[in-house]
Amino acid sequence: MPKISIVIPALNEEKFLPVLLESIRNQSFTDFEIIVADAGSKDKTIEVAKNYGAQIVPGGMPGVGRNKGAAVAKGEFLFFFDSDVCLPPDFLEKAYGEIQERFLDLATCEFTPQSDLQLDKVMFRIANLHVKLNQNFNPRAAGFCIFITKRLFDRIGGFDESIKLAEDHDLVERASKHRPLRFLNSTTLSVSIRRLEKEGRFALVEKYLQVELHLLTKGSVKEDIVDYEFGNFGSEEDKTKSKKILDEVEAKLIQLENQYNKTAETLKSGLNEWKEIQDRFKKGWEEVGNSFERLFLVKKKP
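Residues numbered from 1 in each chain as written. Predicted model: local features only at pLDDT ≥ 70, side-chain atom pairs only at ≥ 80, totals over all residues. Heavy atoms only, no water.

## Looking at the sheet that holds strand E1 (residues 4-10)
Sheet architecture is open: eight strands sit in the order E3-E2-E1-E4-E7-E6-E8-E5, paired in mixed fashion. Strand pairing shows two members of the sheet lacking a second neighbour, strand E3 (55-58) and strand E5 (85-86), which therefore form its edges. Two elements, E5 and strand E8 (residues 182-191), share two bridges in a ladder whose sense is antiparallel. Bridged to valine 85 within E8 is valine 191. (Pairing = 2+ DSSP bridges. Helix = DSSP H or I, 4+ residues; strand = E, 2+ residues; numbered from the N terminus.)

## Some words on unusual backbone geometry
Backbone geometry follows two general trends: most residues other than glycine have a negative phi, and most peptide bonds adopt the trans configuration. Residues other than glycine seldom take positive phi values, yet asparagine 12 does so here, at roughly 55°. With respect to the element layout, asparagine 12 can be found in the loop between E1 and helix H1 (17-25).

## Concerning helix H5 (residues 118-134)
Between the first and last C-alpha of H5 there are 24 Å, a value that for 17 residues agrees with the 24 Å anticipated at 1.5 Å per step. What H5 keeps buried is the set Leu119, Asp120, Met123, Phe124, Asn128, Val131 and Asn134. (Expected span 1.5 Å × (residues − 1). Buried < 20%, exposed > 50% of the residue type's maximum accessible area, 1.4 Å probe, protein only.)

## Quick notes on the pairing of E1
Buried residues dominate E1, accounting for seven of its seven residues. Here E1 shows no split at all, with Ile4, Ile6, Ile8 and Ala10 on one side and Ser5, Val7 and Pro9 on the other all buried. Sheet topology note: the E1/strand E2 (residues 32-38) ladder contains seven bridges and is parallel. Across the sheet, the residue bridging to isoleucine 6 is isoleucine 34, located in E2. Traced from E1 through H1 to E2, the parallel crossover comes out right-handed. (Right-handed = clockwise from strand over helix to strand, strands pointing away.)

## With respect to the pattern of salt bridges
In a structure, side chains of opposite charge can pair up when their charged atoms sit close to one another. The final tally for this structure, using the stated rule, is 14 salt bridges. A salt bridge links arginine 151 to aspartate 105, with the nearest nitrogen and oxygen atoms 2.5 Å apart. Of this pair, arginine 151 sits in helix H6 (residues 150-155) while aspartate 105 sits in the loop between helix H4 (91-102) and strand E6 (106-113), and the two are 46 residues apart along the sequence. Connected via shared salt-bridge partners are Glu13, Asp84 and Arg194. (Salt bridge = Lys/Arg side-chain N within 4 Å of Asp/Glu carboxyl O.)

## Thoughts on the environment of aspartate 160
Secondary-structure assignment places aspartate 160 in the loop between H6 and helix H7 (167-175). Judged by its relative accessible area of 25%, aspartate 160 falls in the partly exposed class. For aspartate 160 and aspartate 170, which are 10 residues apart along the polypeptide, the C-alpha to C-alpha distance reads 7.7 Å.

## Concerning the packing of aromatic side chains
If you walk through the whole model with that rule in mind, you get 12 aromatic pairs. Measuring from centroid to centroid gives 6.3 Å for phenylalanine 79 and phenylalanine 81, while their planes differ by 80°, and the two rings are edge-to-face. Judged by its relative accessible area of 0%, phenylalanine 79 is buried. The exposure class assigned to phenylalanine 81 is buried, which follows from its relative accessible area of 0%. With centroids separated by 6.0 Å and ring planes inclined at 65°, the aromatic side chains of phenylalanine 81 and phenylalanine 147 adopt a geometry described as edge-to-face. In this pair, phenylalanine 81 sits in strand E4 (residues 77-81) while phenylalanine 147 sits in strand E7 (residues 145-149), placing the two residues 66 residues apart along the sequence. Among the aromatic residues, those joined into a ring-pair cluster are Phe79, Phe81, Phe91 and Phe147. Across the ring face of phenylalanine 159, the terminal group of arginine 66 is positioned such that the distance to the ring centre comes to 5.4 Å. (Phe/Tyr/Trp six-rings, centres within 6.5 Å; stacked < 30°, edge-to-face > 60°. Lys NZ or Arg CZ within 6 Å of the ring centre and 35° of its normal.)

## Description of H4
In this model, H4 (12 residues) spans 16 Å end to end at C-alpha, consistent with the 16 Å of a helix rising 1.5 Å per residue. Looking only at H4, the buried set comprises Phe91, Leu92, Ala95, Tyr96, Glu98 and Ile99. For H4, the angular spread of buried residues about the axis comes to 165°, placing them on one side. Where H4 is buried, its residues contact E1, E2, E4, E6, E7 and E8. Residue phenylalanine 103 follows H4 closely and has a positive phi angle near 55°. (Arc of directions from axis to C-beta. Contact = heavy atoms within 4.5 Å.)

What follows is the structure in structure tokens.
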């Protein structure tokens, strides 16, 4: 029996899934199985998964797919990932080692954006900080990095398939009533920013805040209060005026950051050139000084 069962819900992920599966293939820890829950992909998702030795099960919405994957899992631990994450080569080794060392049944980890934009990095830092600060009082964890024992998962009945959004938060909240959620310190994973780019960074934050407010005031989200990409809810025509304003602000910030980076690079290049000129100037004066010194010594001789 493998120690870890990796469960990945997928729908038309032929672009991103190979990156994740390749990073799994390159792991220093090898005692795992891969289960891909496919929600009816029309592209080469299933073919890609099979090429990497993954077991394929019928999927659905993320919660449904994760449950179906967990149902056939043989591992002691369930590691839930999304198709657009990527793992460092020692991720499983460090994560499993820390879980064993700390006797954890429920955990998550830090996640970083696959982006060079400072705006994205700041947003991810805030998201990580939110998870860390709330792990004891209002436990939350993103569905793309939840690690839980099969025993605890089965005990709470897995993901609630009646929930439309934030089924990952609901799972963690119910599981934490039996075993506390803990944040791993030994490793991180990286996540694609495709959702940020498609929905808009600030518009997505507004959406998450709306969902969080619903969770705090009304409980689990069992109706379509916001659009969700995996289920193909809504359309481009549904964009509100506020979202357009947020998108414009975001675009302006990104433009300013790109201009700053370009200017900084130009200044850096200019400073390097100026340093080279200074070095040549200094070297020239040293050579002039050496020449005068030799001339003085020659004239000083009797």
